[in-house]
Amino acid sequence: MSEFVAPDGSRHALFGSGGGAALATDVGVPLLGTVPIEPGISEGADIGEPAVLGSGPAADALRGIAQAIAEEHIPPVEMAGCSARMLDAAVAALDAMDAESAADSALQNTDESGISDNDVA
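Residues numbered from 1 in each chain as written. Predicted model: local features only at pLDDT ≥ 70, side-chain atom pairs only at ≥ 80, totals over all residues. Heavy atoms only, no water.

Draft legend 1. Examining the overall build of the protein more closely. Summing up its helical and strand segments, the protein has 4 helices and 2 strands in all. Of the contacts formed within the protein by residues at least 6 apart in sequence, a portion of 35% connects residues at least 24 apart. Carbon and sulfur atoms make up 60% of the accessible area of the protein, which amounts to about 9100 Å² in all. (Helix = DSSP H or I, 4+ residues; strand = E, 2+ residues; numbered from the N terminus. Contact = heavy atoms within 4.5 Å. Areas by Shrake-Rupley, 256 points an atom, 1.4 Å probe, with all protein chains shown as cover.)

Written out as C-alpha cells, the structure is:
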C-alpha cells in the first residue's frame, strides 16, 4: 500500500514512503507498482468482490500491476493450447528457488570450523 488519498485530493503517506522501491532495489527486482489505500479494498474483499474488478485509483493500480506482470515480466509463451507446459515451467522455477534457499540455509548452518549442523559423524 502506498498512501491514502483523501476526498479533497490531499495525500497522506501513513506508512512512510519509498519503502517498496527501496526493498525492490535491495533484492534486485523491479517495483511493479504502488496501490493507494482505499477502504473499498477491504470492504470488497470481505464480500468477495476483488478491488481490481472495481473502479478508482486502487483498481487502476492493481490492473496496471497485473498488466506489467503479464506483458513485461512474464510474457506469454507459445503454448499451442497446453497449459501443462506453463505449469511445469512454474514448478521448475519454484523448485530452483527452493534449492537456492536450501543452499543458503546450509551455508548459514556451517559453524566457524567448517562443520555443518547437517553433517553426520
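Draft legend 2. A look at the pattern of salt bridges. Evaluated as defined, the whole model comprises 2 salt bridges. Between arginine 11 and glutamate 3 there is a salt bridge, with the nearest N and O atoms lying 2.6 Å from each other. For aspartate 60, the salt bridge is made with arginine 63, and the minimal N-O distance between the two is 2.7 Å. Remark: arginine 63 and aspartate 60 occur in helix 3 (residues 57-73); sequence separation between them is 3 residues, near one turn of the helix. For aspartate 60, a relative accessible area of 46% gives the class partly exposed. (Salt bridge = Lys/Arg side-chain N within 4 Å of Asp/Glu carboxyl O. Buried < 20%, exposed > 50% of the residue type's maximum accessible area, 1.4 Å probe, protein only.)

Draft legend 3. Local environment of the layout of surface pockets. Counted as a void, the largest pocket has a volume near 420 Å³. Forming the boundary of the largest pocket are 20 residues, of which Gly20, Ala21, Leu31, Gly33 and Thr34 lie nearest the centre. A per-class count over the lining of the largest pocket returns 11 nonpolar, 8 polar and 1 charged. (1 Å grid on protein atoms, 1.4 Å probe; cavity = no way out; pocket = protein on both sides within 12 Å on 5 of 7 lines; lining within 4 Å. Points joined across faces, edges and corners; volume = space filled by probe spheres on them. Nonpolar A, V, L, I, M, F, W, Y, C, P; charged D, E, K, R; others polar.)

Read these as layout, nothing more, since geometry by itself doesn't imply function.
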